[in-house]
Amino acid sequence: MAGPVIYTFGTPDQRSKYLRGIIRNDTWWCQGYSEPGAGSDLAGLKTRAVRDGDHYVVNGQKIWTSMAHWADMIFALVRTDPNAKKQEGISFLLIDMKTPGITVRPIIGITLGHHLNEVFFENVRVPVENRIGEENKGWTYAKFLLANERVGNVDIAKVESYLTQIRRLLQETKEGGKSLSQDPLFQRRLAELEVGLATVKALMADQLAAARSNGAPSLMGAAALKLRGTELVQAILQTGLEALGRHGMVYQSDALHAGWNGELIGPEESADVMYEHLYRRAATIYGGSSEVQKNIIAKGALGL
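Residues numbered from 1 in each chain as written. Predicted model: local features only at pLDDT ≥ 70, side-chain atom pairs only at ≥ 80, totals over all residues. Heavy atoms only, no water.

### Considerations on the nonpolar core
Cut-off, in case you're wondering: By convention a nonpolar core is built from buried Ala, Val, Leu, Ile, Met, Phe, Trp, Tyr and Cys residues, the set being connected through side-chain atoms within 4.5 Å. Each residue's exposure class comes from its accessible area (1.4 Å probe, protein chains only) as a fraction of the maximum for that residue type: buried when under 20%, exposed when over 50%, partly exposed otherwise. The helix count covers DSSP runs of H or I at least four residues long, the strand count covers runs of E at least two residues long, and both are numbered beginning at the N terminus. The contact criterion used is simple: two residues touch if any of their non-hydrogen atoms lie within 4.5 Å.
Counting residues in each nonpolar core, the largest one holds 29 residues, and the members touching the most others are Leu170, Leu232 and Ile236. For this core, the secondary-structure elements that each account for two or more residues are α3 (138-152), α4 (156-172), α5 (184-214), α6 (219-244) and α7 (270-279). Of the residues forming this core, the biggest block, 9 residues, is contributed by α6. Non-local contacts of Leu170, meaning those with residues more than four positions away in its chain, are made with Ser179, Leu180, Ser181, Phe186, Leu190 and Ala243. Residues Leu19, Phe75, Leu94 and Ala142 belong to the second largest nonpolar core, which totals 25 residues.

### Remarks on unusual backbone geometry
Residues other than glycine seldom take positive phi values, yet Asn25 does so here, at roughly 65 degrees. Within the fold, Asn25 resides in the loop between α2 (12-24) and β1 (29-32). By relative accessible area, which is 55% here, Asn25 ends up exposed. In this model, Met67 sits at a positive phi of 60 degrees, which is unusual for a non-glycine residue.

### A look at the packing of aromatic side chains
In this description, a pair of aromatic rings is defined by centroid distance and the angle of the planes. Applied cut-off: Centre distance within 6.5 Å is the pairing criterion for rings of Phe, Tyr and Trp, where only the six-membered ring of Trp is used; planes under 30 degrees apart are then read as stacked, over 60 as edge-to-face, and the remainder as tilted.
Per the counting criterion, the structure on display carries 7 aromatic pairs. Ring centres of Phe9 and Phe144 lie 5.1 Å apart, and the angle between their planes is 85 degrees; this geometry places the pair in the edge-to-face category. Taken as a pair, Phe9 in helix α1 (residues 2-9) and Phe144 in helix α3 lie far apart in primary sequence, 135 residues in all. When its relative accessible area of 14% is taken as the criterion, Phe144 is described as buried. Between Phe75 and Phe92 the ring centres are 5.9 Å apart and the planes differ by 0 degrees, which places this aromatic pair in the stacked class. Placement of the pair is Phe75 in strand β4 (residues 73-79) and Phe92 in strand β5 (residues 90-96), with a sequence separation of 17 residues.

### As for the packing of α3 against α6
The description of two packed helices rests on the angle between their axes and on the distance between the axes. What counts, and what does not: Lines fitted to C-alpha atoms define the axes, with helix axes restricted to the stretch in contact, and inter-axis angles between N-to-C directions lie between 0 and 180 degrees. Should the near helix be turned anticlockwise from the far one by less than a right angle, the crossing is termed left-handed; should it be turned clockwise, right-handed.
The contact between α3 and α6 brings their axes to 8 Å, and the two run at 35 degrees. Crossing hand, α3 versus α6: left-handed. Contact residues: α3 offers Lys143, Ala147, Arg150 and Val151, while α6 offers Leu219, Ala222, Leu225 and Lys226.

### Things to note about the environment of Gln182
Mapping Gln182 onto the fold places it in the loop between β10 (178-179) and α5. Along the sequence, Gln182 and Leu170 sit 12 residues apart, while their C-alpha atoms lie 8.5 Å from each other.

### A closer look at the side chain of Gln207
Mapping Gln207 onto the fold places it in helix α5. When near neighbours in sequence (up to four residues on either side) are disregarded, Gln207 contacts Val151, Pro217, Ser218, Gly221, Ala222 and Leu225.

### Details of the pattern of salt bridges
Selection criterion: Salt bridges are identified by distance alone: a Lys or Arg side-chain nitrogen within 4 Å of an Asp or Glu carboxyl oxygen.
For the coordinates displayed, the defined rule picks out 10 salt bridges. In this structure, Asp41 engages Lys86 in a salt bridge whose closest nitrogen and oxygen atoms are separated by 2.9 Å. Taken together, the residues span a long stretch of sequence, with Asp41 in the loop between β1 and β2 (48-52) and Lys86 in the loop between β4 and β5 at a distance of 45 residues. Of the charged contacts in the structure, one is a salt bridge between Arg188 and Glu192, with a shortest N-O distance of 3.3 Å. Placement of both Arg188 and Glu192 in helix α5 is noted, with a separation of 4 residues, approximately one turn of the helix. Judged by its relative accessible area of 57%, Arg188 falls in the exposed class. Classification of Glu192 by relative accessible area gives partly exposed; the value is 42%.

### Focus on the packing of α6 against α7
Condition: By the definition adopted for this analysis, an angle is roughly parallel if under 35 degrees, roughly antiparallel if over 145, roughly perpendicular if from 65 to 115, and oblique otherwise. Asp, Glu, Lys and Arg are counted as charged, while Ala, Val, Leu, Ile, Met, Phe, Trp, Tyr, Cys and Pro are counted as nonpolar; the rest, among them Gly, fall into the polar class.
Relative orientation of the contacting elements α6 and α7 amounts to 140 degrees, with a least axis distance of 9 Å. Classed by the angle they form, the pair α6 and α7 counts as oblique. α7 is crossed by α6, and the crossing has left-handed handedness. Residues Leu237, Gln238, Gly240, Leu241 and Leu244 of α6 pack against Ser270, Val273, Met274, Glu276 and His277 of α7. The class makeup of the residues in the contact of α6 with α7 is 5 nonpolar, 4 polar and 1 charged.

### Overview of α6
Because each turn of an α-helix spans 3.6 residues, side chains separated by three or four positions end up pointing in the same direction. Rule in force here: In this analysis, the expected span of each helix is defined as 1.5 Å times one less than the number of residues it contains.
End to end, α6 covers 38 Å across 26 residues, agreeing with the expected 38 Å (1.5 Å per residue, within 8%). Backbone geometry just downstream of α6 places Gly245 in the positive-phi region, at approximately 60 degrees.

### Structural notes on the environment of Asn148
Tracing the chain through its elements places Asn148 in helix α3. In this structure the C-alpha to C-alpha distance between Asn148 and Ala211, which are 63 residues apart in sequence, comes to 9.3 Å. Dropping the residues within four chain positions of it, Asn148 is found in contact with Pro4 and Pro217.

### Observations concerning a nonpolar patch on the surface
The line we're drawing: Only residues above 30% relative accessible area that lack a salt bridge enter a patch, with like-charged residues linked at up to 9 Å and the nonpolar side chains Val, Leu, Ile, Met, Phe, Trp and Tyr linked at up to 5 Å. Accessible surface is estimated by sampling points in the Shrake-Rupley manner with a 1.4 Å probe; for residues, cover comes only from the protein chains shown.
Side chains of Met249, Val250 and Ile265 sit close together on the surface and give an oily, nonpolar patch of about 300 Å² of accessible area. Within the secondary structure, Met249 is located in the loop between α6 and α7. Judged by relative accessible area, which is 73%, Met249 ranks as exposed.

Right, here's the structure in full:
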């Protein structure tokens, strides 16, 4: 997500400094967008960056920051003009996570795993040369990034693997001596999911064509893809949960870790299907909630 912003809007020095590490996967980045009270309403962010000579002094908090406890860098939206309108007065900074004044605290999610964090900034000094583009124009770069992120939120290969897993689960699970794959209700559900996958693939093809033509996905098209793709993922995993039946009442998170040698309750896929079901409940929230995507589509298609 950071790479396209840096090579599109960054200075030659920024491209030289950061892109090689991204391409080689030597540098791990995290995303400093959401804040308490500024998630779906991202433009309401309050983290401040005050200019002090050749530095900005950053104070505030980010939340739901994936992998911040591992990250080397964070790209963050900060408010540099508190008197401007919400979407204005925001700048886009690249911040070294080792800078004094940064504190990372874990958030344990519904999956019982740790990938989410709170990130606190207390008088963090960031060189002005780490600002992307113009001061107070960060919302422009943020929207560019979000279009790429929303396309990236829909991993076609992952969706297909989910569907393959659910087909196998339905084939192997029997009720009344018959495989669930022979149940008309599940057969209809699978057909609907297949149609949904074909739709998402078509939307993805449109976005790739737009990116080739215009250098980036369209914001409205990315919103439609993100909306349909994340809802499809949830529908697939909900079908898997229903196929698990009573075994879906047990979540053996330890079974997901290497070296576990306990006795699994239910089919082989049980722990993985439960983990993905719980984790992907957030799919229609992260990267912009479904309500936000519908607003983008309404404004773009209907002029509302």
